[in-house]
Amino acid sequence: IINDEGEEMKVEKTSVGGIMSHGMLCDSTMLGWSGGAAGVAVQVPESVALGEAPPPSKPRPKEEESALTGPVQDGLFKPKLTKEEKKKLAAEKRAAKKAAKAAKEDETN
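Residues numbered from 1 in each chain as written. Predicted model: local features only at pLDDT ≥ 70, side-chain atom pairs only at ≥ 80, totals over all residues. Heavy atoms only, no water.

(A) Seen up close, the overall build of the protein chain. The helix and strand tally for the protein chain stands at two helices and two strands. Starting at the N terminus, the α and β elements of the protein chain follow one another as β-β-α-α. Across the 109 residues in the protein chain, those meeting the buried criterion constitute 9%. Sequence-distant contacts in the protein chain: of pairs separated by 6 or more residues, those separated by 24 or more amount to 19%. Surface summary for the protein chain: the accessible area is close to 10100 Å², and the carbon and sulfur share equals 55%. (Helix = DSSP H or I, 4+ residues; strand = E, 2+ residues; numbered from the N terminus. Buried < 20%, exposed > 50% of the residue type's maximum accessible area, 1.4 Å probe, protein only. Contact = heavy atoms within 4.5 Å. Areas by Shrake-Rupley, 256 points an atom, 1.4 Å probe, with all protein chains shown as cover.)

(B) Up close: the layout of surface pockets. The computed volume of the largest pocket comes to approximately 870 Å³. As for the largest pocket, its lining consists of 27 residues, and the residues nearest its centre are Met-24, Cys-26, Gly-51, Glu-52 and Pro-54. (1 Å grid on protein atoms, 1.4 Å probe; cavity = no way out; pocket = protein on both sides within 12 Å on 5 of 7 lines; lining within 4 Å. Points joined across faces, edges and corners; volume = space filled by probe spheres on them.)

(C) Just the side chain of Ser-28, in detail. Within the secondary structure, Ser-28 is located in the loop between β2 (19-21) and α1 (63-68). Setting aside anything within four residues of it in sequence, one finds Ser-28 in contact with Trp-33, Gly-35, Gly-36, Ala-37, Val-40 and Val-42.

(D) Spatial organisation of helix α2 (residues 83-108). For α2, built from 26 residues, the straight-helix expectation of 38 Å at 1.5 Å per residue is met to within 8% by its first-to-last C-alpha distance of 38 Å. The element α2 is largely exposed, with a buried count of zero among its 26 residues. (Expected span 1.5 Å × (residues − 1).)

(E) Structural context of the environment of Gly-32. Mapped onto the secondary structure, Gly-32 falls in the loop between β2 and α1. Note: C-alpha distance between Gly-32 and Pro-55 (23 residues apart in sequence) is 9.8 Å.

Quick look at the structure:
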């Protein structure tokens, strides 16, 4: 892997805090890949055996590989709302609040 200073280093088994560590999580920069976010752990395909060198470039998922990962969990990687969606959501909340207030007033009268 490549460290922050651009020097190559080898990942080896070692004791970290008294616990044996057999590897580490790497980002695309550490593996020498272009693209990908620095500081975000990469996923190496299952076709790469443990202890084997990573592929020379960032692998692209195939349809059958992405199907194996399963559905995305709720709350994980939700897309950001557009301005129109935010406005619509705010209007719905205002309408619901107004309806609840009207219903409460009807109960008291």
